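# Structural description and commentary
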Amino acid sequence: MPPLSRPRRIVGVSLKMYFDVQSTLSYVRGVLQLDGDAWNARLDLFVIPDFVTLMESARILEPSSVWVGAQDTFWEDKGAYTGEVSPLVLRQAGARIVEIGHAERRATFGETDEWVAKKAGAAARNGLIPLVCIGERTHHSVASAAVGAAIQECKPQVTSVLAAVPDDAEVILAYEPVWAIGAAEPADADHVVNVTKELRKLAAGRAGVTRVLYGGSAGPGTFAKIAEGVDGLFLGRFAHDIHNLKKVIQEVGGA
Ligand SMILES: O=C(CO)COP(=O)(O)O
């Protein structure tokens, strides 16, 4: 069988809850300035602001090829769900992608695999690309055991999502070991490559494009070490400086 061609590369950044309104909008304007570089022929780029600034961010980025995303969604489109945000409304507000099941939501807000799967299904139903965050909570100190333990923990996180999303829908999986988020350094490259190669197999028979990203203290210099296993990066803090984002785009885009 010929080797399967790899999907298009992709880079994304979440602003989490780090920025105020003005900082978000000025960051988004900075991202707009990056558009027009040659990168956009080679990769997709997305920015995920908070809910409040999403619509204005989408308006600013409308003339560009940059996607805007949301940090979460509810699984129903409408109804008596005070405080939740509808995937239908997110789509109407200009979102193209929606992050689901981030480690911070799983840990702080008790999100379960079942909720994450329902949210991924709702995103796909509304024409949004689910960006599903997965990852093991603890880091096994023995490298060989760490890979097996990570796969065992991540497998149900992936399979429950794939069962809830139509087979031909596009899905992005962000492998983010919980212990590598908010750290000084990303996870060890061999660990990331070994785990992501296995996770990719879980989606091998799908009709829809499935891309696998790495996240967790990623920044300039990260991608080249793990390119064998991933299609791009999902960035936090180290891309909140627009110059670092530009460097990562150049690295992932191969400029
Ligand atoms: O959680 C992340 C992206 O979702 C990564 O955050 P940091 O890069 O700040 O560790």
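Throughout, residues of each chain are indexed from 1 in the direction in which the sequence is written. A pLDDT threshold of at least 70 governs which residues receive local features in this predicted model, and a stricter bar of 80 or more applies before side-chain atom pairs are shown or counted, although totals over entire chains, interfaces and linings include all residues. Side-chain figures throughout are based on the complete set of non-hydrogen atoms in the structure, without hydrogens or water.

Worth spelling out the cut-off: UniProt positions are given in the numbering used here, feature names are shortened, and annotations may be inferred rather than shown by experiment.
Under an unreviewed UniProt entry, the name given to the protein chain is Triosephosphate isomerase, and the source organism is Lentithecium fluviatile CBS 122367. The UniProt entry for the protein chain carries the following comment under Subunit (unreviewed entry): "Homodimer."

### What about the overall build of the protein chain?
We count it as follows: Under the scheme used here, helices are H or I runs from DSSP no shorter than 4 residues and strands are E runs no shorter than 2 residues, and both carry numbers assigned from the N terminus. Throughout this description, buried means an accessible area under 20% of the type-specific maximum (1.4 Å probe, protein chains only), exposed means over 50%, and partly exposed covers the range between. The contact definition used throughout considers only heavy atoms, calling two residues in contact when any of these lie within 4.5 Å. Per-residue and other accessible areas were derived by the Shrake-Rupley procedure at a 1.4 Å probe size, with only the shown protein chains allowed to occlude residues. His is not counted here, nor are the chain ends, while Lys and Arg score as positive and Asp and Glu score as negative. The atom standing in for a charge is NZ when the residue is Lys, CZ when it is Arg, CG when it is Asp and CD when it is Glu.
A count of helices and strands for the protein chain gives 9 helices and 8 strands. With the principal axes as the frame, the protein chain shows a C-alpha extent of 45 × 45 × 40 Å. Per-residue burial over the protein chain gives 51% buried out of 255 residues. Taking the contacts inside the protein chain whose residues are at least 6 apart along the sequence as the reference set, 72% of them involve residues at least 24 apart. For the protein chain, the exposed surface amounts to about 11,700 Å²; the carbon and sulfur share of it is 54%. Seen as two clouds, the 26 positive and the 30 negative side-chain charges of the protein chain have centres 3 Å apart.

### Section: empty space enclosed by the protein
Definition in use: Definitions used throughout: a 1 Å grid over protein atoms alone; a cavity as a set of points that fits a 1.4 Å probe which cannot get out; a pocket as an open set with protein on both sides within 12 Å along at least five of seven lines; a lining residue as one with an atom within 4 Å of a point. Grid points are joined across faces, edges and corners, and a volume is the space filled by probe spheres set on the points. Gly is put with the polar residues, along with every residue not named as nonpolar or charged; the nonpolar set is Ala, Val, Leu, Ile, Met, Phe, Trp, Tyr, Cys and Pro, and the charged set is Asp, Glu, Lys and Arg.
As enumerated under the stated definition, the model contains 1 cavity of 30 Å³ or more in all. A volume near 160 Å³ is recorded for the largest cavity. For the lining of the largest cavity, the per-class residue count stands at 6 nonpolar, 7 polar and 4 charged.

### Description of the site of the ligand
Counted only if it meets this: The criterion for a residue being near a molecule or strand is simple. One of its heavy atoms has to lie within 4 Å of it. Whenever two N or O atoms come within 3.5 Å, that pair is a polar contact, provided that in protein one can donate a hydrogen and the other can accept it, and provided that, for residues adjacent in sequence, both atoms are side-chain atoms. To decide whether a molecule occupies a pocket or cavity, check its atoms: if more than half lie within 2 Å of the grid points, it is inside.
Lining the immediate surroundings of the ligand are Lys16, His102, Glu176, Ile181, Gly182, Gly216, Ser217, Ala218, Phe234, Gly236 and Arg237. Between the ligand and Gly236, the relevant distance is 3.2 Å, taken from an oxygen atom to a main-chain nitrogen or oxygen of the residue. Here an oxygen atom of the ligand and a side-chain polar atom of Arg237 are 2.6 Å apart. Out of a free accessible area of 300 Å², the ligand has 100% covered by protein chains. The site holding the ligand turns out to be the largest cavity. In terms of residue class, the shell around the ligand is made up of 3 nonpolar, 5 polar and 3 charged.

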